Amino acid sequence: MPGKSPFRIEPPARATINIAVIGASGNVGSRVLGLIAAEHSGVGLRLVAVANSRAALIAREGLAPAQACARLLAAAPEAGFAAALLHLPRPLIVVDCTASAQIAAHYPRWLAAGIDVVTPNKFGPSADRPLARAIAAAQATSGALLRDSTTVGAQLPLLQTLRDLHAAGDRVERFEAVLSGTLSYVLGSVQQGEALSAVVREAFALGYTEPHPASDLSGEDAARKLVILLRALGHDIEFGDVERVPLVDAELLDEPDPARAIERLQAIDETWRARVAIAQARHERWIYRASFDGARARVAPERVACAHSLANLAPCENALILHSAYYHVAPLRIAGPGAGIDLTAAGVFADLLAAAWHYAWRADSAAVEEFTVEEFAADEIEAAA
Ligand SMILES: NC(=O)c1ccc[n+]([C@@H]2O[C@H](COP(=O)([O-])OP(=O)(O)OC[C@H]3O[C@@H](n4cnc5c(N)ncnc54)[C@H](OP(=O)(O)O)[C@@H]3O)[C@@H](O)[C@H]2O)c1
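Parameters and conventions
- Residues numbered from 1 in each chain as written.
- Predicted model: local features only at pLDDT ≥ 70, side-chain atom pairs only at ≥ 80, totals over all residues.
- Heavy atoms only, no water.
- Near = heavy atom within 4 Å.
- Polar contact = N/O pair within 3.5 Å; in protein donor to acceptor, adjacent residues only side chain to side chain.
- Helix = DSSP H or I, 4+ residues; strand = E, 2+ residues; numbered from the N terminus.
- Nonpolar A, V, L, I, M, F, W, Y, C, P; charged D, E, K, R; others polar.
- Domains from an automatic or database assignment.
- 1 Å grid on protein atoms, 1.4 Å probe; cavity = no way out; pocket = protein on both sides within 12 Å on 5 of 7 lines; lining within 4 Å.
- Points joined across faces, edges and corners; volume = space filled by probe spheres on them.
- Pairing = 2+ DSSP bridges.
- Contact = heavy atoms within 4.5 Å.
- Axes fitted to C-alpha atoms, helices over the stretch in contact; angles between N-to-C directions.
- Buried < 20%, exposed > 50% of the residue type's maximum accessible area, 1.4 Å probe, protein only.
- Parallel < 35°, antiparallel > 145°, perpendicular 65-115°, else oblique.
- Left-handed = near helix turned anticlockwise from the far one by under 90°.

**Some remarks on the site of the ligand**
Thought 1: Near the ligand, the surroundings consist of 25 residues, among which V28, S53, R54, T98 and E210 are the closest.
Thought 2: In this structure, an oxygen atom belonging to the ligand sits 3.1 Å away from a main-chain N or O atom of G26.
Thought 3: Here an oxygen atom of the ligand and a backbone polar atom of V28 are 2.8 Å apart.
Thought 4: Elements that contribute at least two residues to the shell around the ligand include exactly α1 (27–37), α4 (101–104) and α15 (341–363).
Thought 5: A per-class count over the shell around the ligand returns nine nonpolar, 13 polar and three charged.
Thought 6: The residue makeup of the shell around the ligand includes at least three contributed by each of domain 1 (16–154 + 341–369) and domain 2 (159–337).

Here it is in structure tokens:
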């Protein structure tokens, strides 16, 4: 456990920030609860609600984060949970750790009611235009924010970097990227001789895949991430605009049970062994590439030369190589592990703390307003003397 930094800034003591975690029993959600339990920056987080797809628990007086998941598993279904959140005290931050489009559809209502949303769920930020516009309008009306930095690259500094470049007037000419940590892991292991079905089973067990691995193998997950990246760069694009070539054909993935869907992949183990052999004979490697050429957005399994910078990523790595007006001498390269439960939960928690601190300081703003610049300068001089 790292010691306290001697340089840390203490937040104002009197703010209490209410938190609701949806998807609290999942890989990421339960890890986020653990981080809330261990929180030691001093900002006053109070867990007031938890939910999964089967049950919900609301306690205005607060729930112990370490026990919340166990209590949720014993709780009853709560119809109208999404609407009940609107009546909880503010400031309130909803942490959506599901992969549910249904939950993302509630964002406009929550945001318009002044509730911040923190999420690794791609369905809100990559939603089709009507929902995406409603989310943007709700934020503009209330000032509450959707914080989604983990939707692409988990904890990597990707989305905010692109948003900052766009805000500063940069113009993107083209980029190529590996955005699916899961497919990076799967293709990397298949090219080391493992069977595709066995690797997907392993990735699923490790929590690297989406709740249903079809979302990864169909390219949907990568295409949604590409939409989120392009929107961060100011492009008006939606999921249907992305040209998408799946890693595994749709008919094979058409099975609601993840374990059975993975079993069916054995049918293409040999095909992938043959593809890998051909690529190796040509000194090439398979990657699942996301690209934008200034007009066309595409995700597809592609062979690249072994010397290509995207060809030698470690399992689970994401990478982006971006050419823009500001990066014309050499492209901007961002790379590193872009999936995994710990990294995603850490990024979600960082977004949650950023939102909480924002409210903690805002709650103290009355005191700040009364504290004039002259008083500040006098205090500082006195302290320094
Ligand atoms: N795992 C990673 O490496 C990773 C990386 C980047 C981003 N993410 C994102 O993080 C999110 C969570 O992933 P995960 O791996 O933690 O998934 P998970 O283990 O399958 O957990 C999903 C959670 O959401 C709950 N849930 C699903 N539908 C719901 C609904 N309609 N209402 C309320 N709760 C619902 C589930 O409840 P039940 O248990 O009752 O079904 C479960 O608690 C996803 O959006 C994923 O894309 C994950």
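That covers the picture; the talk isn't over yet.
**A short note on the layout of surface pockets**
Thought 1: Of the pockets and cavities examined, the second largest pocket occupies roughly 380 Å³.
Thought 2: In this structure, the second largest pocket is lined by 17 residues; those nearest its centre are P125, A132, A136, Q139 and R231.
Thought 3: Counting residues per element, the ones that place at least two in the lining of the second largest pocket are α6 (129–142) and α11 (220–232).
Thought 4: Among the elements that line the lining of the second largest pocket, the one with the most residues is α6, at six residues.
Thought 5: Formed jointly, the lining of the second largest pocket draws a minimum of three residues from each of two domains, domain 1 (16–154 + 341–369) and domain 2 (159–337).

**Observations regarding the sheet that holds strand β3 (residues 56–58)**
Thought 1: One open sheet accounts for six strands, arranged β3-β2-β1-β4-β5-β6; its pairing is mixed. Edge positions in the sheet fall to β3 and β6 (146–147), since each of these pairs with one other strand and no more.
Thought 2: Two strands pair when backbone bridges link them, and strand β5 (residues 116–118) and β6 are joined in this way by two bridges, in the parallel orientation. Bridged to V118 within β6 is R147.
Thought 3: Seen against the sheet, helix α2 (residues 65–73) touches β2 (44–51) and β3 and runs at an angle of roughly 10° to β2.

**A short note on unusual backbone geometry**
Thought 1: Residues R90 and P91 are joined by a peptide bond in cis, for which omega reads -5°.
Thought 2: Residue position: P91 is located in the loop between α3 (81–84) and β4 (92–96).
Thought 3: Non-glycine residue A154 carries a positive phi angle of around 50°.
Thought 4: Topologically, A154 is positioned in the loop between β6 and α7 (159–167).
Thought 5: A relative accessible area of 4% means that A154 is categorised as buried.
Thought 6: Positive phi values are uncommon outside glycine, yet H283 reaches one of about 55°.
Thought 7: Note that H283 resides in the loop between α14 (269–281) and β9 (284–292).
Thought 8: Take H283: its relative accessible area is 60%, and that puts it in the exposed class.

**Concerning the packing of helix α8 (residues 181–190) against helix α9 (residues 196–205)**
Thought 1: Where α8 meets α9, the axes come as close as 9 Å, and the angle between the chain directions of the two elements is 140°. One way to sum up the angle between α8 and α9 is to call them oblique. Of the two possible hands of crossing, α8 and α9 adopt the one that is right-handed. Only L196, V199, V200, E202 and A203 of α9 make contact with α8, whose side of the interface consists of Y185, V186, S189 and V190.
Thought 2: A breakdown of the residues in the contact of α8 with α9 according to their chemical character gives seven nonpolar, one polar and one charged.

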